[in-house]
Amino acid sequence: MRRSNAMYARSSRVDRTLHVVYAASRDASTTIRADRPPACARRPRLMRRPTIGVGARVALVAPGGRLNGEEDISRAEQNVRALGWQPVRGLHALARDGYLAGSDGDRLADLNAALTDDDIDAVWSVRGGYGALRIIDNVDYAALRRRPKPIIGFSDVTALHAAIATRCEVVSFHGPTARAELTSFLRSSLQRAMQGEDPCGDAAGASTIRSGRARGRLVGGNLALLCALAGTPYEPDYRDAILVLEDVNEAVYRIDRMLTQLRLAGRLSECRGIVFGQFTDIPNGSADAGERSRTLDDVVGEVVDVHQIPGIAGAPVGHVADQWTIPLGAIAELDADARTLRILQ
């Protein structure tokens, strides 16, 4: 008899300090005063968190960018076996259409086949790369609601994570792609996540950018994708969220611009805390001689100060070898002073 993959958590009370910020209204036509309600005012909905164990059948799909070739999918299959699972290669995983892993129909067919097949226990994206955003309006969310299963990936897969939270209220996993090197740190976090344990904890290399504690639902992923989703039916619910952000190859002014977009849209004012992960491969600044460049620290510090919420920077999230697998949609607690992120439910 197959054991159920869904794990249901009990509700808990949340904390929130009363303070005021000013943010754009939902329709961006006015500026509104956003009074944050006291702790007893509302509780977050609890999402179903799927798990898998030894012997699980894991579908390997490429919903976004194309793979480099057979070596990518072979390494992904080896990783699945090394974790004690069974790989199932998507039919079109090696397809190509320019920068995409095949046509929209090919990529969607592989993803939906994995979601609708009851013999598939989890879905793991082999790589990121642009493309998932193009197909999220045709994903079979009903199948995932009927039988929740872990969806794993990061970067471009952020679009899929956000849509799943919006359409299914099922926890999905911001974690490594299947072709990644299985470092001991990455492997340990991923396995704990798949077993329903806390895959996060101490962010030893992080820094506190604003003190305090916050409890809320984990939301986020790639900053550029979150901005691309703003105003669509698939953007995540930022209310009472602990927002987790990462990106790659973005200049500081572009990161500033994207965070400003979320602020003007009123999304950041809804959050309780922010975990800034790794912003890797940032191009050099273009300040004039003798002029100080604005840094990433300047930008992220402004965000938490303006919204008076706790935050850390440099958490193990993003385009790095050692990264947490984060259960997006789960309830977590951020302690910015201790530099910890702990999964509660």
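Above: the structure in question.
All values derive from a computational prediction rather than experimental measurement.

S.K.: Even after reading the chapter, I still don't get the sheet that holds strand β16 (residues 326-328), so can you show me in this structure?
M.R.: Where strands meet in a sheet, backbone hydrogen bonds hold them as pairs that are either parallel or antiparallel. Taken in spatial order, the 6 strands line up as β6-β5-β7-β8-β9-β16 in an open sheet, and their pairing is mixed. In the strand order of this sheet, the two ends are held by β6 (86-89) and β16, each with one partner. The average undirected angle you get between the axes of adjacent strands in this sheet is 30°.

S.K.: Is there a simple way to think about the side chain of Arg267 in this case?
M.R.: Within the secondary structure, Arg267 is located in the loop between α7 (252-264) and β14 (273-280). Here Arg267 falls in the buried class, since its relative accessible area comes to 5%. A polar side-chain atom of Arg267 sits 2.5 Å from the main-chain carbonyl oxygen of Ala265.

S.K.: Looking at this structure, how should I read the sheet that holds strand β17 (residues 331-335)?
M.R.: Pairing within the open sheet is mixed, and its 8 strands lie in the order β10-β18-β17-β12-β13-β14-β15-β11. Single-partner strands in this sheet number two, and they are β10 (201-202) and β11 (207-210). Here 5 bridges tie strand β12 (residues 213-222) to β17, and the two strands are oriented antiparallel to one another. Bridging from a neighbouring strand, Gly216 pairs with Ala332 of β17. Contacting β11, β14 and β15 (311-313), helix α8 (residues 296-307) runs over the sheet at an angle of about 165° to β14.

S.K.: So what exactly am I meant to see when it comes to the packing of α7 against α8 here?
M.R.: Packed helix pairs are characterised by how far apart their axes lie and by the angle those axes make with each other. Between α7 and α8, whose axes approach to 9 Å, the crossing angle comes to 15°. When the axis of α7 is compared with that of α8, the two are roughly parallel. Pair α7 / α8 crosses with right-handed handedness. Between α7 and α8, the residues in contact are Val252, Ile255, Asp256, Leu259 and Arg263 and Leu296, Val299, Val303 and His307, respectively. Among the residues making up the contact of α7 with α8, the classes are represented as 6 nonpolar, 1 polar and 2 charged.

S.K.: Where do I start with the environment of Ser74 in this structure?
M.R.: If you trace the backbone, Ser74 turns up in helix α1 (residues 70-82). On the basis of relative accessibility, which here comes to 23%, the residue Ser74 falls in the partly exposed class. Between the C-alpha atoms of Ser74 and Arg89, which are 15 residues apart in sequence, the distance is 9.4 Å.

S.K.: Any chance you could explain the nonpolar core here in plain terms?
M.R.: Generally speaking, nonpolar side chains in soluble globular proteins are found buried as a group. Grouped together as the largest cluster of nonpolar side chains are 43 residues, with contacts concentrated most on Trp85, Trp124, Leu218 and Leu341. Not counting residues up to four positions away in its chain, the partners in contact with Trp124 are Val58, Ala59, Leu60, Val61, Val80, Leu83, Trp85, Ile152, Pro176, Thr177, Ala178 and Leu190. Listed in part, the 27 residues of the second largest apolar core include Val123, Val139, Leu144 and Ile151.

S.K.: It is not clear to me how the packing of aromatic side chains should be interpreted in this structure. Could you clarify?
M.R.: Two descriptors summarise a pair of aromatic rings, namely the distance from one centre to the other and the angle between the planes of the rings. Throughout the structure, instances matching the rule amount to 3 aromatic pairs. Ring geometry for Trp85 and Trp124: centres 6.1 Å apart, planes at 70°, overall edge-to-face. With Trp85 in the loop between α1 and β6 and Trp124 in strand β7 (residues 122-125), this pair connects stretches of sequence that are 39 residues apart. Trp85 sits in the buried class, given a relative accessible area of 7%. By relative accessible area, which is 0% here, Trp124 ends up buried. Ring centres of Phe276 and Phe279 lie 6.4 Å apart, and the angle between their planes is 50°; this geometry places the pair in the tilted category.

S.K.: Looking at this structure, I do not really get the pattern of salt bridges. What am I missing?
M.R.: Side chains bearing opposite charge may pair, as long as their charged atoms lie close to each other. On inspection of all chains with the given rule, the structure shows 19 salt bridges. Arg134 is the salt-bridge partner of Asp104, the closest N and O atoms lying 3.0 Å from each other. With Asp104 in helix α2 (residues 104-116) and Arg134 in the loop between β7 and α3 (141-146), this residue pair connects regions lying 30 residues apart in the sequence. On the accessibility criterion, Asp104 (26% relative accessible area) is partly exposed. A salt bridge links Arg147 to Asp118, with the nearest nitrogen and oxygen atoms 4.0 Å apart. Taken as a pair, Arg147 in the loop between α3 and β8 (151-153) and Asp118 in the loop between α2 and β7 lie far apart in primary sequence, 29 residues in all.

What counts, and where the lines are drawn
Residues numbered from 1 in each chain as written. Predicted model: local features only at pLDDT ≥ 70, side-chain atom pairs only at ≥ 80, totals over all residues. Heavy atoms only, no water. Pairing = 2+ DSSP bridges. Helix = DSSP H or I, 4+ residues; strand = E, 2+ residues; numbered from the N terminus. Axes fitted to C-alpha atoms, helices over the stretch in contact; angles between N-to-C directions. Buried < 20%, exposed > 50% of the residue type's maximum accessible area, 1.4 Å probe, protein only. Polar contact = N/O pair within 3.5 Å; in protein donor to acceptor, adjacent residues only side chain to side chain. Contact = heavy atoms within 4.5 Å. Parallel < 35°, antiparallel > 145°, perpendicular 65-115°, else oblique. Left-handed = near helix turned anticlockwise from the far one by under 90°. Nonpolar A, V, L, I, M, F, W, Y, C, P; charged D, E, K, R; others polar. Core = buried A, V, L, I, M, F, W, Y, C linked by side-chain atoms within 4.5 Å. Phe/Tyr/Trp six-rings, centres within 6.5 Å; stacked < 30°, edge-to-face > 60°. Salt bridge = Lys/Arg side-chain N within 4 Å of Asp/Glu carboxyl O.

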